[in-house]
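Structural overview for review
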Amino acid sequence: MKEITLADSAGFCFGVKRAVDKALEIKGKYDKKIYTLGPLIHNNDVVNFLKENLIYPIELEDITSLEDNDTIIIRSHGVSEETLNILKKTNLNIVDATCPYVENIHKKVKKYYDLGYHIIIVGDKNHPEVIGINGWCNDCAVILKSGIDIETTANKVCVVAQTTERQSTWEHVLTKIIKVSKEIVAFNTICSATEVRQKSAEELSKNVDAMVVIGGFNSSNTTKLYEICKQNCENTIHVENILDISDEFIKDENVKKIGVTAGASTPDWIIKEAISKMN
Ligand code: SF4
């Protein structure tokens, strides 16, 4: 029998749960398909579950194919100001499920951009949340993770972070900015849910023989959890669901204690299935 421990705060965060609940609640009111602008969350199992409930992802360039009064949901990652304006000009029913914490970043970025600050986003330039944030300062932000290219930064800067960024990356980049900029306004916008999840995964991974990190392969916060756990526990695996947990892994006699954590877009049912398979 293995000893299996689930890390605190594993799985759905407040913003993701809110978006999924909202989508299901709205679907309950309409007897037709509804749409999400891009996949609602970075988890294929959940996206497939939503499709079974007639909730489909659609890209911005395809919204002209929708009918008047069709419903479209903005996901928790949020969108740029331009995208929001495009949506508002349509005859679609728009439901904004942007996480309030992300919306708060949009407001800060817009305010300081209008005040003449150069915006720096500590995060991944390809992540939809960061693309959305950049769209509140005219797509002019410097987006970085390492601080290597910071020599060119302006004197007056406003720094924010992707909500799922690692605390250590934020601190590293700020240390660099302090050396090159004179006037710095910094908002640590890393979401507390992310911080708590990362810290508890880090602690747990120090005390187990193997770690299982559950979440979409396209989920950046899950990938970060994997990286954190791997630093402490060599036998860390990243899986999307129970199908990715091999019998070989479970039957390994050297593995007596297994830690489990999951990204913000991993639903409870997938975590429970994985734990029961390992049990
Ligand atoms: S991680 Fe935090 S900011 Fe991002 S959606 Fe979840 S609750 Fe909102």
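Residues numbered from 1 in each chain as written. Predicted model: local features only at pLDDT ≥ 70, side-chain atom pairs only at ≥ 80, totals over all residues. Heavy atoms only, no water.

Here we come to the domain arrangement of the protein chain. Once the domains are mapped, the protein chain shows domain 1 (3–11 + 194–278), domain 2 (14–98) and domain 3 (101–190). Facing the eleven residues of domain 1 at the interface are eight residues of domain 2. Taking both sides of the interface into account, the surface hidden between domain 1 and domain 2 amounts to around 750 Å²; carbon and sulfur atoms contribute 49%. For domain 1, the biggest contributors to the area lost against domain 2 are N218, S265 and W269; these three give 52% of the whole. For the pair domain 1 and domain 2, the interface holds zero salt bridges. In this assembly, domain 1 and domain 2 are joined by four residue pairs in polar contact (both at pLDDT 80 or more). Broken down by class, the residue content of the side of domain 1 that touches domain 2 amounts to four nonpolar, six polar and one charged. (Domains from an automatic or database assignment. Contact = heavy atoms within 4.5 Å. Buried area = accessible area lost by both parts, 1.4 Å probe. Salt bridge = Lys/Arg side-chain N within 4 Å of Asp/Glu carboxyl O. Polar contact = N/O pair within 3.5 Å; in protein donor to acceptor, adjacent residues only side chain to side chain. Nonpolar A, V, L, I, M, F, W, Y, C, P; charged D, E, K, R; others polar.)

The next subject is the site of the ligand. Neighbouring the ligand are C13, G15, C99, Y101, T163, C191 and T194. Among the detected pockets, the ligand sits in the largest cavity. Considering only residue class, the shell around the ligand consists of four nonpolar, three polar and no charged. (Near = heavy atom within 4 Å. 1 Å grid on protein atoms, 1.4 Å probe; cavity = no way out; pocket = protein on both sides within 12 Å on 5 of 7 lines; lining within 4 Å. Sits in = over half its atoms within 2 Å of the grid points.)

This part takes up the UniProt feature "binding site: [4Fe-4S] cluster" (unreviewed entry) in the protein chain. The positions UniProt marks with the feature "binding site: [4Fe-4S] cluster" (unreviewed entry) are C13, C99 and C191. Despite a sequence span of 179 residues, these residues sit close together in the fold, their greatest C-alpha distance being 10.5 Å. Those annotated residues from the list above that line the largest cavity are C13, C99 and C191. Secondary-structure assignment places C13 in the loop between strand 1 (3–6) and helix 1 (14–29). For C13, a relative accessible area of 17% gives the class buried. If we ignore the near neighbours within four places in the chain, the residues touching C13 are A193, R197 and A264. You can call C191 buried: its relative accessible area is 14%. Sequence-distant contacts of C191, that is, excluding residues within four places in its chain, are made with Y101 and T163. (UniProt positions renumbered as here; feature names shortened; annotations may be inferred. Helix = DSSP H or I, 4+ residues; strand = E, 2+ residues; numbered from the N terminus. Buried < 20%, exposed > 50% of the residue type's maximum accessible area, 1.4 Å probe, protein only.)

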